[in-house]
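Single-letter residue listing:
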Amino acid sequence: MTLPQNHVKELIQRIQASSRDREVLLIADNELGFTQRKNGGESRCLFAVVADGASVIATETYIETVQEYVDRRSKGSQAGKGGRNRICVSFSGFHGEEDRGDEVSATPSETEYDVHMCEVNCFITQLEKGIGRAVELIEGRDYSFPEPSHNGGGCGKYEVHYESIMWRQLRKKLGGLGLLYGLEYVRSCTAMIRGVFKCKRVPPCVVAKYVALLLERATRNELVLISLRASLHDGACDSSYSPIDFLVPRYDGNMQDFETRVRKTGEIIWEAVKELFLESADKNGGRNLRYLSNAQIGFLDEWFSEIRLNSFRRWSKTAPARSEELAPEPCQETGSAHGVRNLLEKLGVPIIADKVAFVVRSGSCLFNLQTERSDEDYTIVYKTETPHLFSRKPPADCYSAHVISPSGFASDKAGEVEYEAKEVGKFIIECCKGNPRNIELLFTDPSDSVFISLEFHLLREIRHIFLTGRCLSQYFGFVSERLHKIRKLLEDESSYNDREKTKLSPDAEAAASKLLYHAFHKLLGIQSIAAYKDPVVRLSDDSADRAFIMRLRTTRPMTGDIYPSVLLRRAEGMLAKAKESQKVHDEKRREAGDPPRPPEVNLDKIRAVLDRIRLLGAPSHLVDDGGCGGGVAPP
């Protein structure tokens, strides 16, 4: 039954409102709705294909990741999951009512719709895999479309209530000719039958009806149909004979017997498909027999890119207005772009130099606590190119190269070069979580870095909003974890309570030294953050703290006042004092009427600055549509 137009309009608005800048491409009956109803509900199940906005992909996805992380930590492991891809909408009115001004003398009723949404990128993946529903929504044999095309989509078992111009263009190009009925489609239909039989709460007659449809779909591939005709007629191929009339069993009320006969039918179909699979392996990888053709995939990629590009153009015209207040103070890039290019080549990082936002020599060198046996570490923050960010298969959001030494933790890595590169969105997520290693990069003096771009200067301008209660908790957790490992190490060496023991094994001594250096350095950061100051990152050459840490790093054997068990007790005392100091500083601010430390980051500010970072340096042809209205040019 076709939906009233006022209901369709309201559904489109509700779906669009379910996510920032979301576009509706299709609304149709959900053929799998009978398997997804909750508690035996009578709501009408719909299926919608949507395109998330460029702002969601570039910014909102990262904001949601942070929000879900916060919700899980504060409300439990299941908090924050789901919700954005399913909505329920209710309409109160009268049977037969349309969006007219007429008086209707019918009984009041309430219509409820349960809408499952599928993002267009996921839908195309399903189409490539031959998933039945995805294929039929393009081929149109089982669906009635509002505007039938010359090559199909005029009638069917299910209704399509809305299709956008872009969807109609896709359907008219690829659908209605049976070209999507590859061997993977046949396999998907037969495999799905097993899952449908598991729906025990569904009425058996409903299951039987849908199973019959799946069996019928499995014979829509012309090669399978020919093979079945030949096998059922001892090699004779009678084109007038429809094997599905013989193969699909009738449901007579006995579900167990029906399931047994369906399984036998599935085996017959699979035998025909198996032979074709083996045959297709010798024909150019079977690409045209099993999956979509290269031409079909090429059109899908072009069509998908146009959707994303149009969304990005719309977003680019509104996003700057939201983030003008966060424009950085006049600043320039720090470091040499040429030097960055050479460094990337040296490290073998698969990143374009022009998209690098930040490079620093990290590890112990960042803290000025390196020794002659330290390795050479680099941390890189980069920005994914705009076209690649919105592609169907975006590039990785992190790259790394680490030397794994057989000696394990704290091994000698002199002369080794390591790196870790993170996409700016991933980097911001970890900063929002309060990760000390990322927070320290924001508070590193620009003169100590290799390169800083304008985008990273934007982050530095708001770096203090990351000094939250969660950040301080992460610092405390980092130190506690290091101290726990030291206790375990000393217990394994049977020396925790042995003040007289003067020597550990060389490996244990090296591990204890590194763990203690980590703990004492982060304790300095805790003291600063608790006092509402910037975290300590680099220690000056004449610093007493640096002299102390370098002494425990380099002195062997570790005896006397730098014996690990002695240093452990010293660190535990400092940690306890830091917790008390935090309470004192918080109380002083309350008494002075100053704002307390926020528990979490301000996600609105993060969203605004990430918007701006994404738009900075975007190619002009992506921002300016040149007056084009969008759409893929017909081939």
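Being a predicted model, the structure only gives us computed values, none of them experimental.

### Notes on the overall build of the protein
Then, in step 1: Broken down by element type, the protein carries 25 helices and 12 strands.
Then, in step 2: For the protein, with 635 residues in total, the buried portion stands at 49%.
Then, in step 3: Residue pairs in contact within the protein that sit at least 24 positions apart in sequence constitute 73% of those at least 6 positions apart.

### Notes on the side chain of Thr-219
Then, in step 1: With respect to the helices, strands and loops of the structure, Thr-219 is situated in the loop between α8 (204-218) and α9 (222-232).
Then, in step 2: Separated by 2.8 Å, the side chain of Thr-219 and the backbone oxygen of Glu-216 make a polar contact.

### Considering helix α15 (residues 337-347)
Then, in step 1: Listed as buried for α15 are Val-340, Leu-343, Leu-344 and Leu-347. Taken around the axis of α15, the buried residues stretch over an arc of 100°, which confines them to a single face. Along α15, exposed side chains directed more than 90 degrees from the buried face belong to His-338, Glu-345 and Lys-346.
Then, in step 2: Among the structural elements, β8 (356-362), β9 (376-382), β11 (417-423) and β12 (449-452) are those in contact with the buried residues of α15.
Then, in step 3: Structurally, the start of α15 carries an N-cap: the backbone nitrogen of His-338 is 3.2 Å from a side-chain oxygen of Ser-336.
Then, in step 4: At the C-terminal side of α15, Gly-348 shows a positive phi close to 75°.

### Section: the pairing of strand β2 (residues 44-51)
Then, in step 1: With 8 of 8 residues buried, β2 is to be regarded as a mostly interior element.
Then, in step 2: Note: strand β1 (residues 23-29) against β2, 6 bridges, orientation antiparallel. From the neighbouring strand, Glu-23 faces β2, where its bridge partner is Ala-51.

### Quick word on the environment of Met-1
Then, in step 1: Within the fold, Met-1 resides in the segment before α1 (5-17).
Then, in step 2: Separated by 28 residues in the primary sequence, Met-1 and Asp-29 place their C-alpha atoms 9.4 Å from one another.
Then, in step 3: Leaving out residues up to four positions away in the same chain, Met-1 has contacts with Arg-44, Glu-159 and His-161.

### Observations concerning the pattern of salt bridges
Then, in step 1: Applying the stated criterion across every chain yields a total of 40 salt bridges.
Then, in step 2: Arg-217 serves as the salt-bridge partner of Asp-142, at 2.8 Å between the closest nitrogen and oxygen. In this pair, Asp-142 sits in the loop between α5 (132-139) and β5 (143-144) while Arg-217 sits in helix α8, placing the two residues 75 residues apart along the sequence.
Then, in step 3: Given a relative accessible area of 1%, Asp-142 falls into the buried group.
Then, in step 4: Here Arg-220 and Glu-216 are joined by a salt bridge, their closest N and O atoms 2.6 Å apart.
Then, in step 5: Connected through shared salt-bridge partners, Glu-31, Glu-136, Asp-142, Lys-157, Glu-216, Arg-217 and Arg-220 make up one network.

### A short note on the packing of helix α13 (residues 294-316) against helix α24 (residues 603-615)
For any two helices packed against each other, the geometry comes down to the angle between their axes and how far apart the axes lie.
Then, in step 1: The contact between α13 and α24 brings their axes to 12 Å, and the two run at 120°. By the angle between their directions, the pair α13 and α24 is classed as oblique. At the point where α13 passes α24, the crossing takes the left-handed sense. Note on element contacts: α24 touches α13 through Asp-611, Arg-614 and Leu-615, opposite Phe-312, Trp-315 and Ser-316.
Then, in step 2: The residue inventory of the contact of α13 with α24, partitioned by class, reads 3 nonpolar, 1 polar and 2 charged.

### Remarks on unusual backbone geometry
Residues apart from glycine generally show negative phi values, whereas peptide bonds are mostly found in trans.
Then, in step 1: Across the junction of Arg-556 and Pro-557, the peptide omega takes the value 0°, indicating a cis bond.
Then, in step 2: Within the fold, Pro-557 resides in the loop between α22 (544-554) and α23 (564-592).
Then, in step 3: Positive phi is not limited to glycine here, since Asn-368 has a value of about 65°.
Then, in step 4: Along the chain, the position of Asn-368 falls in the loop between β8 and β9.
Then, in step 5: Overall, the relative accessible area of 6% leaves Asn-368 in the buried class.
Then, in step 6: Residues other than glycine seldom take positive phi values, yet Tyr-532 does so here, at roughly 65°.
Then, in step 7: Counting through the fold element by element, Tyr-532 comes out in the loop between α21 (506-530) and α22.
Then, in step 8: The class of Tyr-532 is partly exposed, set by a relative accessible area of 27%.

### Regarding the confidence of the model for the protein
Then, in step 1: Predicted confidence across the protein gives a mean pLDDT of 85, with 83% of residues reaching 70 or more.
Then, in step 2: Predicted confidence is poor over residues 78-82, with pLDDT under 50, and the contacts of this stretch with residues over four places away or in other chains come to 6 contacts.
Then, in step 3: Contacts of residues 94-108 to residues separated by more than four positions or lying in other chains number 16 contacts, the stretch itself having pLDDT below 50.

Each value, and the rule that gives it
Residues numbered from 1 in each chain as written. Predicted model: local features only at pLDDT ≥ 70, side-chain atom pairs only at ≥ 80, totals over all residues. Heavy atoms only, no water. Helix = DSSP H or I, 4+ residues; strand = E, 2+ residues; numbered from the N terminus. Buried < 20%, exposed > 50% of the residue type's maximum accessible area, 1.4 Å probe, protein only. Contact = heavy atoms within 4.5 Å. Polar contact = N/O pair within 3.5 Å; in protein donor to acceptor, adjacent residues only side chain to side chain. Arc of directions from axis to C-beta. Pairing = 2+ DSSP bridges. Salt bridge = Lys/Arg side-chain N within 4 Å of Asp/Glu carboxyl O. Axes fitted to C-alpha atoms, helices over the stretch in contact; angles between N-to-C directions. Parallel < 35°, antiparallel > 145°, perpendicular 65-115°, else oblique. Left-handed = near helix turned anticlockwise from the far one by under 90°. Nonpolar A, V, L, I, M, F, W, Y, C, P; charged D, E, K, R; others polar. pLDDT = per-residue confidence, 0-100.

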